[in-house]
Amino acid sequence: MITIIGLGTRAGELSLRAAECLKGAASVLVRAASLASAETLKELGIPFESLDFVYEKSRNFDTLAKNLAAEVRKRAAEGDVVYCVDGGVTEDRAAQLLIKQGGVTVYEGVSKAASAAARAGLFGGYTAVSAYEVAERKLALPLVVYDLDDKLLAGDVKLLLCDRFGDEAPALLLDGEKAERIPLYEADRADRYSPETALVLF
């Protein structure tokens, strides 16, 4: 059996039911040892295995998702497995593939998009999209772009969004506890980008 758990975006967001599931799990997997999900499990004292090696054999974002889902299915054939993701389950491409295939139990977590939107003061409707999918999606304001984890990716996203909304569009760049109001054309000029980085356009 496969269980997918969304660990949320920061400490304290894991649900009690998900925590109980983790404590009794025989095998716990995370996408990468560098992600916040791994840190959360360390804090809880939950043994886990990282799927870092899957990144090395994946050519792009879509291939990575397929390879991760295949690896989780492979492990599940050997026994029950828990796959942990950052933020919400529905924000993880591999988790989406696993859910479509069926036979999966889900414990949803606080999503990266919802967390960013709340910090930006957006409490009504908004569009949320992964930075890796900006080119594929119809976009409308207000907009939350999460997974902005690389400077080159930030540059690509900036160009696409500037073309759609203009260079001077007001934006908020979020990374961990840091929040900076910027014009959109500065979205790729930060000192650091991480899986916690998000861009909000108003």
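Per chain, residue numbering runs from 1 following the sequence as it is written. pLDDT decides what is reported in this predicted model: residues at 70 or higher carry local features, side-chain atom pairs at 80 or more are listed and counted, and totals for whole chains, interfaces and linings draw on all residues regardless. Only hydrogens and water are set aside; all other atoms, that is, all heavy atoms of the structure, feed into the side-chain values.

All axes are obtained by fitting lines to C-alpha atoms, using only the stretch in contact for helices, and the reported angles, taken between N-to-C directions, cover 0 to 180 degrees. A run of DSSP states H or I qualifies as a helix once it reaches four residues; a run of E qualifies as a strand once it reaches two. Both are numbered from the N-terminal end. In contact at an axis separation of 8 Å, helix 4 (residues 61–76) and helix 5 (residues 93–101) are set at 55 degrees when each is read in the N-to-C sense. Accordingly, the angle class assigned to the pair helix 4 and helix 5 is oblique. For helix 4 against helix 5, the interelement crossing comes out right-handed. Contact with helix 4, carried on its side by Phe61, Asp62, Ala65, Lys66, Leu68, Ala69, Val72 and Arg73, involves Arg93, Ala94, Leu97, Leu98 and Gln101 of helix 5 and no other residues of that element. Each residue belonging to the contact of helix 4 with helix 5 can be placed in one class, and the counts come to 8 nonpolar, 1 polar and 4 charged. The cut-offs work like this: below 35 degrees is roughly parallel, past 145 is roughly antiparallel, 65 to 115 is roughly perpendicular, and the gaps in between are oblique. By the definition used in this description, the sense in which the near helix is turned from the far one sets the handedness, with an anticlockwise turn below a right angle giving left-handed and a clockwise turn giving right-handed. Between two residues, a contact is recorded if the distance between any of their heavy atoms is within 4.5 Å. For this classification, the nonpolar set comprises Ala, Val, Leu, Ile, Met, Phe, Trp, Tyr, Cys and Pro, the charged set comprises Asp, Glu, Lys and Arg, and every other residue, Gly included, is treated as polar.

Attention shifts here to the environment of lysine 100. Looking at the secondary structure, you find lysine 100 in helix 5. It is 36 Å that separates the C-alpha atoms of lysine 100 and lysine 178, two residues lying 78 residues apart in sequence.

So, about helix 4. Here helix 4 spans 23 Å end to end across 16 residues, near enough to the 22 Å set by a 1.5 Å rise per residue. The complete set of buried residues in helix 4 reads Phe61, Thr63, Leu64, Ala65, Leu68, Ala69, Glu71, Val72, Arg75 and Ala76. N or O atoms closer than or at 3.5 Å make up a polar contact, with two conditions inside protein: a donor-capable atom paired with an acceptor-capable one, and, for residues adjacent in sequence, both atoms drawn from side chains. By the N-cap criterion, in which a side-chain oxygen at the helix start approaches the backbone nitrogen of a residue two or three places on, helix 4 is capped by asparagine 60, the distance to aspartate 62 being 3.2 Å. To estimate the expected span of a helix, count its residues, drop one, and scale the result by 1.5 Å. Only protein chains enter the accessibility calculation, which uses a 1.4 Å probe; a residue is then buried when its area is under 20% of its type maximum, exposed when over 50%, and partly exposed in between.

Once that is clear, we can look at the environment of arginine 192. Along the polypeptide, arginine 192 turns up in the loop between strand 9 (178–183) and strand 10 (198–201). A residue is classified by how much of its surface remains accessible, and arginine 192, at 47% relative accessible area, is partly exposed. Once the C-alpha coordinates of arginine 192 and aspartate 163 are considered, the two residues, 29 residues apart in sequence, prove to be 24 Å apart. In contact with arginine 192, not counting residues within four places along its chain, are Asp175 and Thr197. A polar contact is formed between the side chain of arginine 192 and the side chain of aspartate 175, at a distance of 2.7 Å. At 3.4 Å, the side chain of arginine 192 forms a polar contact with the side chain of serine 194.

Ring pairs are drawn from Phe, Tyr and Trp, using the six-membered ring of Trp, whenever the two centres fall within 6.5 Å, and their geometry is named by plane angle: stacked under 30 degrees, edge-to-face over 60, tilted for the rest. The final tally for this structure, using the stated rule, is 1 aromatic pair. With a centroid separation of 4.3 Å and 15 degrees between ring planes, the pair formed by phenylalanine 61 and tyrosine 132 is classed as stacked. One end of the pair, phenylalanine 61, is in helix 4; the other, tyrosine 132, is in the loop between strand 6 (127–130) and strand 7 (143–146), with 71 residues separating them in the sequence.

This paragraph deals with the environment of glycine 12. Its location among the elements puts glycine 12 in the loop between strand 1 (2–6) and helix 1 (16–23). Classification of glycine 12 as exposed rests on a relative accessible area of 79%. Between the alpha carbons of glycine 12 and threonine 40 there is a distance of 9.2 Å; along the sequence they are 28 residues apart.

This part covers the nonpolar core. With 23 residues, the main nonpolar core has Val145, Leu161 and Leu199 as its most contacted residues. Those elements giving two or more residues to this core turn out to be strand 7, helix 7 (151–165), strand 8 (170–175) and strand 10. A per-element tally of this core places helix 7 first, with 6 residues. In contact with leucine 161, not counting residues within four places along its chain, are Val134, Leu139, Leu143, Val145, Gly166, Leu184, Leu199 and Leu201. What we call a nonpolar core is a set of buried Ala, Val, Leu, Ile, Met, Phe, Trp, Tyr and Cys residues that are connected through their side-chain atoms within 4.5 Å. Ile4, Leu64, Ala76 and Tyr83 belong to the second largest nonpolar core, which has 17 residues in total.

On to the sheet that holds strand 1. Each pair of strands is called paired provided DSSP finds at least two bridges between the two strands. Reading across the sheet, the 5 strands line up as 3-2-4-1-5 and stay open at both edges, with parallel pairing between neighbours. Both outer strands of the open sheet, strand 3 (49–50) and strand 5 (104–107), are each paired with one neighbouring strand and no more. Where strand 2 (residues 28–30) meets strand 3, 2 bridges bridge the pair, whose relative direction is parallel. Counted as the bridge partner of valine 30 is serine 50 from strand 3.

Next up on the list: the sheet that holds strand 9. Ordered by their spatial adjacency, 5 strands build an open sheet running 6-7-10-8-9, and the pairing between neighbours is mixed. Each having just a single partner strand, strand 6 and strand 9 make up the two edges of the open sheet. When the angles between neighbouring strand axes are averaged without regard to direction, this sheet yields 20 degrees. Pairing of strand 6 with strand 7 involves 4 bridges; the strand directions are parallel. Opposite threonine 127, over in strand 7, you have leucine 143 as the bridge partner. The strands touched by helix 7 within the sheet are strand 7 and strand 10, with strand 7 carrying the most contacts at an inclination of about 170 degrees.

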